[in-house]
Amino acid sequence: MSSVPVQIAAVDGVLRVTLDRPSHKNSLTPTSVRAIVEALERSAADDALRAVLLTSSGPDFCSGADLVAANPEAGERPRVGNLQRRTAVEAHRLIELLTTIQLPVVCAVRGWAAGLGCQLALAADFTIAAETATFWEPFVARGFTPDSGATWLLPRLVGVARAKELLLLGEKVTGAQAAAWGMIHRAVPDGEVDGAALALVERLARGPTVAIGLAKRCIQGALVATLTEAMEKEALALELSSRSQDFREGLAAFKERREPNYRGR
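Values in this document were obtained by computation on a predicted structure and should not be read as measured data.

A.B. asks: An account of the sheet that holds strand E8 (residues 173-174) is requested, with residue identities and associated values reported.
C.D. replies: What holds strands together in a sheet is hydrogen bonding between their backbones, with the strands either parallel or antiparallel. Taken in spatial order, the three strands of this open sheet run E5-E7-E8, and their pairing is mixed. Edge positions in the open sheet fall to strand E5 (112-114) and E8, since each of these has one partner strand only. By the bridge criterion, two bridges tie strand E7 (residues 134-136) to E8 in an arrangement that is antiparallel. For Thr 134, the partnering residue across the bridge sits in E8 and is Thr 174.

Okay, here's the thing in structure tokens:
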């Protein structure tokens, strides 16, 4: 993994994914994206993990996909449809995993979060950003259309009018403004980003992992479901979560008037 500019490690039940290419504003190469995808896919079936922390090194979070690395000038041009096929299994697969993995995902943003980097922050369950961070959707300004779920995520988070402002006009949004709009969970002073994100991910990692994962799944599914369909999924999730060890611990703690000690089981 040393040749890939992404640090991936499991520490105390938390999968820590650190974008580590500060000289390029942590832009993501196809190799980087595939490494994160593979790590998330493994984590989805790893009972030892209870949360995911997505962060970065250097002053910027992520300036998006590295278009130069993804589209080298030398050599024969790829056949028609290469971009469509590759995006589906790389950037789009990454966003899909962040929204569907049954682990809570916390994202810490400083500096720039542009393009795919912006979508990483939008797809996370909780994004904590510096008040001076900059969220930007540069697609139309660069002459091409949005990808990585931008047209799905933004209207649901900030409404259609503001989504058009960001996607069609390319307006930039600060961390403070993003929090006020409901794009992200919270904005904090620049020096408090890492501490706030770590405190939140540790809190989530101490929680009832099965119930959190199932509740996340219900929320995500409800975005495209009828009320009846959503309640059917809730009933199934309730059935599963009520069979967990953490459910029994929660009941015992309530009866004994103490804080529960959840084990993620």
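A.B. asks: I'd love a proper account of the nonpolar core, names of residues and values included.
C.D. replies: Counting 64 residues, the largest nonpolar core has Leu 19, Leu 40, Phe 61, Val 109, Leu 120, Phe 135 and Met 183 as the members making the most contacts within it. It is helix H9 (residues 193-205) that provides the largest number of residues to this core, a total of seven residues. Not counting residues within four places of it along the chain, the set of residues in contact with Val 109 comprises Phe 61, Ala 121, Thr 127, Ile 128, Ala 129, Ala 130, Ala 133, Phe 135 and Val 193.

A.B. asks: Kindly report on empty space enclosed by the protein, identifying the contributing residues and their values.
C.D. replies: This model, assessed by the stated rule, comprises two cavities of 30 Å³ or more. What the largest cavity holds in volume is close to 50 Å³. Contributions of two or more residues to the lining of the largest cavity are made by strand E2 (14-19), helix H1 (30-43), strand E3 (51-56) and helix H4 (91-100). Broken down by class, the residue content of the lining of the largest cavity amounts to nine nonpolar, no polar and no charged. There is about 30 Å³ of room inside the second largest cavity. Every residue along the wall of the second largest cavity is listed here: Cys 118, Phe 135, Trp 136, Glu 137, Leu 166, Glu 171 and Met 183.

A.B. asks: Describe in detail the layout of surface pockets, supporting the description with residues and values.
C.D. replies: Considering only enclosed or pocket space, the second largest pocket measures out at about 470 Å³ in volume. Residue lining of the second largest pocket: 21 residues in total, with Ala 124, Asp 125, Leu 157, Ile 219 and Gln 220 positioned closest to the centre. Counting only elements with at least two residues in the lining of the second largest pocket, the list comes to helix H5 (116-123), strand E6 (126-130), helix H6 (150-158) and helix H10 (209-222). Looking at the lining of the second largest pocket residue by residue, the class counts come to 14 nonpolar, four polar and three charged.

A.B. asks: Summarise unusual backbone geometry; cite the residues concerned and give the values.
C.D. replies: Most peptide bonds take the trans configuration, and most residues that are not glycine carry a negative phi. In this model, Asp 12 sits at a positive phi of 50°, which is unusual for a non-glycine residue. Relative to the elements of secondary structure, Asp 12 occurs in the loop between strand E1 (6-11) and E2. Notably, Arg 257 is not glycine yet its phi reads approximately 55°, a positive angle. Secondary-structure assignment places Arg 257 in the segment after helix H12 (245-256).

A.B. asks: Can you explain the pairing of E2? Please cite residues and give values.
C.D. replies: In terms of burial, E2 is a largely internal element, five of the six residues being buried. Bridge count between E1 and E2: six bridges; the pairing is antiparallel. Each residue of the ladder has a partner; that of Val 6, found in E2, is Leu 19. Count of turn residues in the E1/E2 antiparallel hairpin: two residues, of which Asp 12 carries a positive phi of about 50°. Pairing analysis gives six bridges linking E2 to E3, with the strands arranged parallel. Its bridge partner being in E3, Arg 16 is matched across the sheet by Leu 53. Crossover E2 to E3 through H1 is right-handed.

The rules behind these values
Residues numbered from 1 in each chain as written. Predicted model: local features only at pLDDT ≥ 70, side-chain atom pairs only at ≥ 80, totals over all residues. Heavy atoms only, no water. Pairing = 2+ DSSP bridges. Helix = DSSP H or I, 4+ residues; strand = E, 2+ residues; numbered from the N terminus. Core = buried A, V, L, I, M, F, W, Y, C linked by side-chain atoms within 4.5 Å. Buried < 20%, exposed > 50% of the residue type's maximum accessible area, 1.4 Å probe, protein only. Contact = heavy atoms within 4.5 Å. 1 Å grid on protein atoms, 1.4 Å probe; cavity = no way out; pocket = protein on both sides within 12 Å on 5 of 7 lines; lining within 4 Å. Points joined across faces, edges and corners; volume = space filled by probe spheres on them. Nonpolar A, V, L, I, M, F, W, Y, C, P; charged D, E, K, R; others polar. Right-handed = clockwise from strand over helix to strand, strands pointing away.

Nothing here speaks to function; it is geometry throughout.
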